2 protein chains.
Amino acid sequence: MTGPTPVRIDDPADARLDDVRDLNHSDSRPDLPGGKGLVIAEGPLVCERLLASRFPARCLVGFPDRLAGFLADHPGLPEDLPVYEVTRETLREVAGFDMHRGLLAAADRAPEPGLEEALDGARTVVVLEGVGDHENIGAIFRNAAGMGVDAVIFGNGCADPLYRRSVRVSMGHVLRTPFVHLGGTHTTWQRRLEELRSAGFRLVSLTPDPGAVVLPEALADAAGDAYERVALLVGAEGPGLTEHAMRATDVRARIPMAPGTDSLNVATSAAVAFYERDRSLGFPGVRRG
Amino acid sequence: MTGPTPVRIDDPADARLDDVRDLNHSDSRPDLPGGKGLVIAEGPLVCERLLASRFPARCLVGFPDRLAGFLADHPGLPEDLPVYEVTRETLREVAGFDMHRGLLAAADRAPEPGLEEALDGARTVVVLEGVGDHENIGAIFRNAAGMGVDAVIFGNGCADPLYRRSVRVSMGHVLRTPFVHLGGTHTTWQRRLEELRSAGFRLVSLTPDPGAVVLPEALADAAGDAYERVALLVGAEGPGLTEHAMRATDVRARIPMAPGTDSLNVATSAAVAFYERDRSLGFPGVRRG
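Computed from a prediction, not measured in an experiment: that's the story for all the values here.

Rules and cut-offs
Residues numbered from 1 in each chain as written. Chains lettered and ligands numbered in written order. Predicted model: local features only at pLDDT ≥ 70, side-chain atom pairs only at ≥ 80, totals over all residues. Heavy atoms only, no water. Helix = DSSP H or I, 4+ residues; strand = E, 2+ residues; numbered from the N terminus. Buried < 20%, exposed > 50% of the residue type's maximum accessible area, 1.4 Å probe, protein only. Contact = heavy atoms within 4.5 Å. Buried area = accessible area lost by both parts, 1.4 Å probe. Salt bridge = Lys/Arg side-chain N within 4 Å of Asp/Glu carboxyl O. Least-squares fit on C-alpha atoms with pLDDT ≥ 70 in both. Domains from an automatic or database assignment. Nonpolar A, V, L, I, M, F, W, Y, C, P; charged D, E, K, R; others polar. Pairing = 2+ DSSP bridges. Axes fitted to C-alpha atoms, helices over the stretch in contact; angles between N-to-C directions. Expected span 1.5 Å × (residues − 1). Polar contact = N/O pair within 3.5 Å; in protein donor to acceptor, adjacent residues only side chain to side chain. Patch = residues over 30% accessible without salt bridge, like charges linked within 9 Å, V, L, I, M, F, W, Y side chains within 5 Å. Areas by Shrake-Rupley, 256 points an atom, 1.4 Å probe, with all protein chains shown as cover. Lys, Arg positive; Asp, Glu negative; His and termini not counted. Charge placed at Lys NZ, Arg CZ, Asp CG, Glu CD. UniProt positions renumbered as here; feature names shortened; annotations may be inferred.

### Some details on unusual backbone geometry
Piece 1. With a phi angle near 50°, Asp22(A) is a residue other than glycine that sits in the positive phi range.
Piece 2. In this fold, Asp22(A) is placed in the loop between strand E1 (7-8) and helix H1 (23-26).
Piece 3. Of note in the backbone geometry, Phe283(B) takes a positive phi value of approximately 50° without being a glycine.
Piece 4. Summarising the element assignment, Phe283(B) is placed in the segment after helix H11 (266-280).
Piece 5. For Phe283(B), a relative accessible area of 6% translates into the label buried.

### Observations regarding the interface of chain B and chain A
Piece 1. Contact residues are listed per partner, giving 43 residues for chain B and 43 residues for chain A.
Piece 2. Buried area between chain B and chain A, summed over both chains or domains, comes out near 3300 Å², and the portion from carbon and sulfur atoms is 53%.
Piece 3. Among the residues chain B hides against chain A, the three largest losses belong to Arg142(B), Asp262(B) and Tyr275(B). Together they make up 17% of the total.
Piece 4. Here chain B and chain A share six salt bridges between them.
Piece 5. A salt bridge links Asp262(B) to Arg49(A); its shortest N-O distance comes to 3.0 Å.

### Examining the relation of the copies chain B and chain A
Between the two chain copies there is a screw-like relation: a rotation about an axis and a shift along it.
Piece 1. Taken as rigid bodies, chain B and chain A are interconverted by a rotation of 180° and an axial shift of 0.0 Å, the fit giving an RMSD of 0.0 Å. On this basis, the relationship between the two copies can be described by a two-fold rotation axis.
Piece 2. The overlap is high: 100% of the interface residues of chain B also sit at the interface in chain A, so the same surface is used on both sides.

### Let's talk about the domain arrangement of chain A
Residues and elements named next belong to chain A.
Piece 1. In terms of domains, chain A is made up of domain 1 (7-107) and domain 2 (115-280).
Piece 2. If you average the C-alpha positions of domain 1 and of domain 2, the two centres end up 32 Å apart.
Piece 3. Each partner contributes to the interface: domain 1 provides 19 residues, whereas domain 2 provides 14 residues.
Piece 4. Between domain 1 and domain 2, the buried area comes to about 1400 Å², and carbon and sulfur atoms account for 57% of it.
Piece 5. Our count for the domain 1 to domain 2 interface comes out at two salt bridges.
Piece 6. Residues Arg164 and Glu42 are paired through a salt bridge, measuring 3.0 Å at the closest nitrogen-oxygen approach.
Piece 7. At the level of elements, H1, strand E2 (39-42) and helix H2 (44-51) are the ones that each hand at least two residues to the side of domain 1 that touches domain 2.
Piece 8. Broken down by class, the residue content of the side of domain 1 that touches domain 2 amounts to ten nonpolar, three polar and six charged.

### Concerning the sheet that holds strand E10 (residues 213-214) of chain B
Residues and elements named next belong to chain B.
Piece 1. The parallel open sheet is built from seven strands, whose spatial order is E8-E7-E6-E11-E9-E12-E10. A strand with exactly one partner marks an edge of an open sheet, and here the two such strands are strand E8 (179-181) and E10.
Piece 2. Two elements, strand E9 (residues 202-206) and strand E11 (residues 230-235), share four bridges in a ladder whose sense is parallel. If you follow Val204 over to E11, its bridge partner there is Leu232.
Piece 3. Across the sheet, helix H6 (residues 134-146) touches strand E6 (124-129), strand E7 (151-154) and E8, and the angle it forms with E7 is around 150°.
Piece 4. The strands that H11 touches are E6, E9 and E11; relative to E11, the one it contacts most, it runs at about 165°.

### Overview of helix H11 (residues 266-280) of chain A
Residues and elements named next belong to chain A.
Piece 1. Here H11 contains 15 residues, and its C-alpha end-to-end distance of 21 Å stays within 8% of the 21 Å for a straight helix at 1.5 Å per residue.
Piece 2. Of all the 15 residues making up H11, 13 are buried; the element is thus mostly covered by neighbouring parts of the structure.
Piece 3. Near the N-terminus of H11, the side chain that reaches the backbone nitrogen of Ala267, with its oxygen 2.8 Å away, is that of Asn265.
Piece 4. One or two residues past the end of H11 sits Gly282, with phi positive at roughly 80°.

### Points about the side chain of Asn136(B)
All names here are of chain B.
Piece 1. In this fold, Asn136 is placed in helix H6.
Piece 2. Residue class for Asn136 comes out buried when judged on its relative accessible area of 13%.
Piece 3. Non-local contacts of Asn136, meaning those with residues more than four positions away in its chain, are made with Val131, Glu237, Asn265, Val266 and Ala267.

### Remarks on a negative patch on the surface
Piece 1. On the surface, a cluster of negative charge is contributed by Asp133(A), Glu135(A), Asp133(B) and Glu135(B).
Piece 2. Within the element layout of this structure, Asp133(B) appears in the loop between E6 and H6.

### Thoughts on the pairing of strand E3 (residues 57-62) of chain B
Residue and element names in this part refer to chain B.
Piece 1. Relative to strand E5 (residues 103-107), E3 is paired through five bridges, and the arrangement is antiparallel. Looking across to E5, one finds that Leu60 is bridged to Ala105.
Piece 2. Sheet analysis places E3 next to strand E4 (residues 83-85), joined by three bridges and oriented parallel. By the bridge assignment, Gly62 is partnered in E4 with Glu85.

### A short note on the UniProt feature "domain: tRNA/rRNA methyltransferase SpoU type" (unreviewed entry) in chain A
Piece 1. The UniProt feature table records "domain: tRNA/rRNA methyltransferase SpoU type" (unreviewed entry) at residues 124-275 of chain A.
Piece 2. Measuring from the first to the last C-alpha atom of residues 124-275 of chain A gives 11 Å, for a span that is 29% helix and 20% strand.

Structure, rendered in structure tokens:
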């Protein structure tokens, strides 16, 4: 069998474990204090997705049994991938807390695709504004991947999709689904939505506003046909999309809510919108039973 | 203005604060070690819902400013409701952690309605099996309330909906939406599904099984009309519903997923199913813009 050879490390101070040291901070963005900007994957499924991703892997670290199982299941890993075998106690001391999953991988960040590249071949994209919670970002990627959304576009004020918690909650889909940050300030990023419109995307704002059209109506043209390309805009829980952002879109759509209730969680709203979009297309690409 | 009069308490040992003492444990079920079985609401919105609910309120506790604002907004509260004004420091010491929302209410548990009572007038109910996570339980109640689900039915192995975290994540909807525990063991509770069928409910299992029919098809009859009464069965993330439970239902339905992805989070799946059910009914009871 080919593949990397695990190296046993028992000294928590060993510099080869620096990538997984003080894990509560090591995944912070490089521009933040103490941030190394690494991408950290936890558990076999997400490690597998990281090692298959465009993010350059730096190392794989795990308990002896977890590591042996993973290496046996993944015989094609590059021989020069550093693989470190550690005990639970050693990893706890290095990582700063008990990492019961027992398997970690670290990678470098990688440049984002350009917007044009991310849109190439895409039928459905989601555009996020002000989604500042890492778990919601992760959940949105998970839901997007599950329901056929091709790319995630970041407007202003969103949490980092490569933060460890985002990676975990996304089940590694932040490493697979292309994403692009539009840049600009909170009043200028929307200008780049024009590029989506030029590419043929119907721009749909999601809002709890009772004056908005119901979601299914927003996703089909007057003849009842689904738009060929759709960009779904989703804003932060609470404030929602800014008026500025909504004005830059073609239509405002709402998920009908029972009277006297609250709006849905942002990742849940997004999931419902992704579902309705997939439904409007007749659930393409989905194996029929 | 009528209403209760706040009593200032500065001694963290004061027994009148026992309801909010050691909050990480006080909401455990009465049958668990240290469990007092209280219902705890946090923050003004959930406190409001608790005080308007069928659960007998025991007290309201808050920082001076939060309490004053809440009492001004709720002039109709009973005069005999114990209301205690505490500093942030006092509450931290009593509760066991920093409670930055600054407003808490405690109530006693109350008997559940019977199944027949919970089903009375209901068009859509959800039946849960093995949903052991408090946040998922809370999120399911929130999503149910938002999308017109009338009752939550508990099969075997679910987390406590009245646990503090469930209450919080549900935004207080566990205090408003009727719920019933069917009782029985993991192989006997399903017999009571027969009572739903007798009441005219179409029993629909949610499953990731690619052999299941797609969700919209499961919710309409051969003529394309939505079933009058529907019970949506949802199982734990990972294992899903037991075969035993699914066999007791009329149809197995799936949310179509993109190839190579994972199933959705259980509360997200439920939200999509609630949405599709509401959609199949033409979004009744929803104000049109």
